[in-house]
Amino acid sequence: ELIKTALPLNPGLSGNKLSNYHYFYDLLLAATFNISQVPVIDLLYRFYPLLFSLLLGIGTYYLVKNITNNKLAILFSLYFVYFAGSFGWIIDLVKSRELGGESAFWVNQPVSSNLNHPFAISLVLVVAILLLIKQITQKADFKTLLPIVLLVGALIEFKVYAGVIILGSLTLIALQQIIFSKQFF
């Protein structure tokens, strides 16, 4: 629908425009299709999940390297990003004697995070924002501020709750910098 028009029809209410829906991921797919003519099904299930997975790993590597510069921490972080999950399966095992618990704690498991495409891109954007925040706290410059604003704005459109978490974190960082470090940048 987005390939045809920027305001898609609501699939549940025929003839009504879809509104109050964060469709940046669908818009990204439509724009990529219009530019490349790669079939949407391939973009949706092959190329973008692979791209997001690679970007998440690369971003995590650089983030942990910037924060700790510890090779063991980098290896553990990459392991956790790609293979670790929650302990939600224990709840299902105790309650119903079955293995399950995919999202018992509202946590997508790494094996299925690319099935929720807005979630997958939100992880990539959060890591990119954290890298920029690390950079701006080390050296205050306005050149880093614009990419942070653009990425946070895009993050809100891809996955609102991730944007809320980042905005709350930025507020706490700003308060910490103002109150304790007396830096007003």
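Residues numbered from 1 in each chain as written. Predicted model: local features only at pLDDT ≥ 70, side-chain atom pairs only at ≥ 80, totals over all residues. Heavy atoms only, no water.

Draft legend 1. Main features of the overall build of the protein. Tallying secondary structure elements over the protein gives 7 helices and 0 strands in all. For the protein, the sequential pattern of α-helices and β-strands runs α-α-α-α-α-α-α. The buried share of the protein, reckoned over its 185 residues, is 29%. Excluding contacts between residues fewer than 6 apart, the proportion of contacts in the protein whose partners are at least 24 apart in sequence is 47%. With the model as given, the accessible surface of the protein reaches about 12400 Å², and the carbon-plus-sulfur share is 68%. (Helix = DSSP H or I, 4+ residues; strand = E, 2+ residues; numbered from the N terminus. Buried < 20%, exposed > 50% of the residue type's maximum accessible area, 1.4 Å probe, protein only. Contact = heavy atoms within 4.5 Å. Areas by Shrake-Rupley, 256 points an atom, 1.4 Å probe, with all protein chains shown as cover.)

Draft legend 2. Examining unusual backbone geometry more closely. Backbone geometry places Gln37, a non-glycine residue, at a positive phi of 60°. Along the chain, the position of Gln37 falls in the loop between helix 1 (24-36) and helix 2 (40-67). In this structure, Asn69 takes a positive phi of about 55° despite not being glycine. Tracing the backbone through its elements, the reader meets Asn69 in the loop between helix 2 and helix 3 (71-82).

Draft legend 3. Spatial organisation of the side chain of Thr60. Structurally, Thr60 is set in helix 2. Thr60 gets classed as buried once you look at its relative accessible area, which sits at 7%. Apart from the residues within four sequence positions on either side, Thr60 is in contact with Ser77, Leu78, Val81 and Val127.

Draft legend 4. Representation of the environment of Ile58 in the model. Among the secondary structure elements, Ile58 is positioned in helix 2. Considered as a pair, Ile58 and Leu78 are 20 residues apart in the sequence and their alpha carbons are 9.0 Å apart.

Draft legend 5. Main features of the pattern of salt bridges. One pass over the structure, following the stated rule, counts 1 salt bridge. For the salt bridge of Arg46 with Asp42, the shortest nitrogen-to-oxygen distance reads 3.3 Å. Here Arg46 and its partner Asp42 are both found in helix 2, 4 residues apart, which amounts to about one turn of the helix. With relative accessibility at 55%, the residue Arg46 sits in the exposed group. Judged by its relative accessible area of 17%, Asp42 falls in the buried class. (Salt bridge = Lys/Arg side-chain N within 4 Å of Asp/Glu carboxyl O.)

Draft legend 6. Local environment of the packing of helix 1 against helix 2. Here helix 1 crosses helix 2 at 110°, and the two axes come no closer than 11 Å. Relative to helix 2, helix 1 is oriented roughly perpendicular. Between helix 1, through Tyr25, Leu28, Leu29, Thr32 and Phe33, and helix 2, the contact on the second element is made entirely by Val40, Leu43, Leu44, Tyr48 and Phe52. (Axes fitted to C-alpha atoms, helices over the stretch in contact; angles between N-to-C directions. Parallel < 35°, antiparallel > 145°, perpendicular 65-115°, else oblique.)

Draft legend 7. Looking closely at a nonpolar patch on the surface. A cluster of nonpolar side chains, contributed by Leu72, Phe76, Tyr79, Phe80, Tyr82 and Phe83, occupies part of the molecular surface with about 670 Å² of accessible area. With respect to the helices and strands, Phe83 occurs in the loop between helix 3 and helix 4 (88-96). The class for Phe83 is exposed, based on a relative accessible area of 62%. (Patch = residues over 30% accessible without salt bridge, like charges linked within 9 Å, V, L, I, M, F, W, Y side chains within 5 Å.)

Draft legend 8. Here's a closer look at the environment of Ala162. Tracing the sequence through the fold places Ala162 in helix 7 (residues 160-179). Ala162 sits 40 residues away from Ser122 along the chain, and the two C-alpha atoms are 6.7 Å apart. The contacts of Ala162, once residues within four sequence positions are left out, are Ser122, Val126 and Leu155.

Draft legend 9. Broad picture of the nonpolar core. Judged by nonpolar contacts, the single largest core of 25 residues is most densely connected at Tyr25 and Phe52. Those residues in contact with Tyr25 that lie beyond four places of it in its chain are Leu43, Leu44, Tyr48, Phe52, His117, Pro118 and Phe158. (Core = buried A, V, L, I, M, F, W, Y, C linked by side-chain atoms within 4.5 Å.)

Draft legend 10. Region of interest: the packing of helix 2 against helix 3. As a packed pair, helix 2 and helix 3 sit with axes 9 Å apart at the nearest point and diverge in direction by 150°. Relative to helix 3, the element helix 2 is oriented roughly antiparallel. Where helix 2 crosses over helix 3, the two elements pack in a sense that is right-handed. Of the residues in helix 3, those in contact with Ser53, Leu54, Leu56, Gly57, Thr60, Tyr61, Val64 and Lys65 of helix 2 are Ala73, Ile74, Ser77, Leu78, Val81 and Tyr82. For the contact of helix 2 with helix 3, the residue count by class is 9 nonpolar, 4 polar and 1 charged. (Left-handed = near helix turned anticlockwise from the far one by under 90°. Nonpolar A, V, L, I, M, F, W, Y, C, P; charged D, E, K, R; others polar.)

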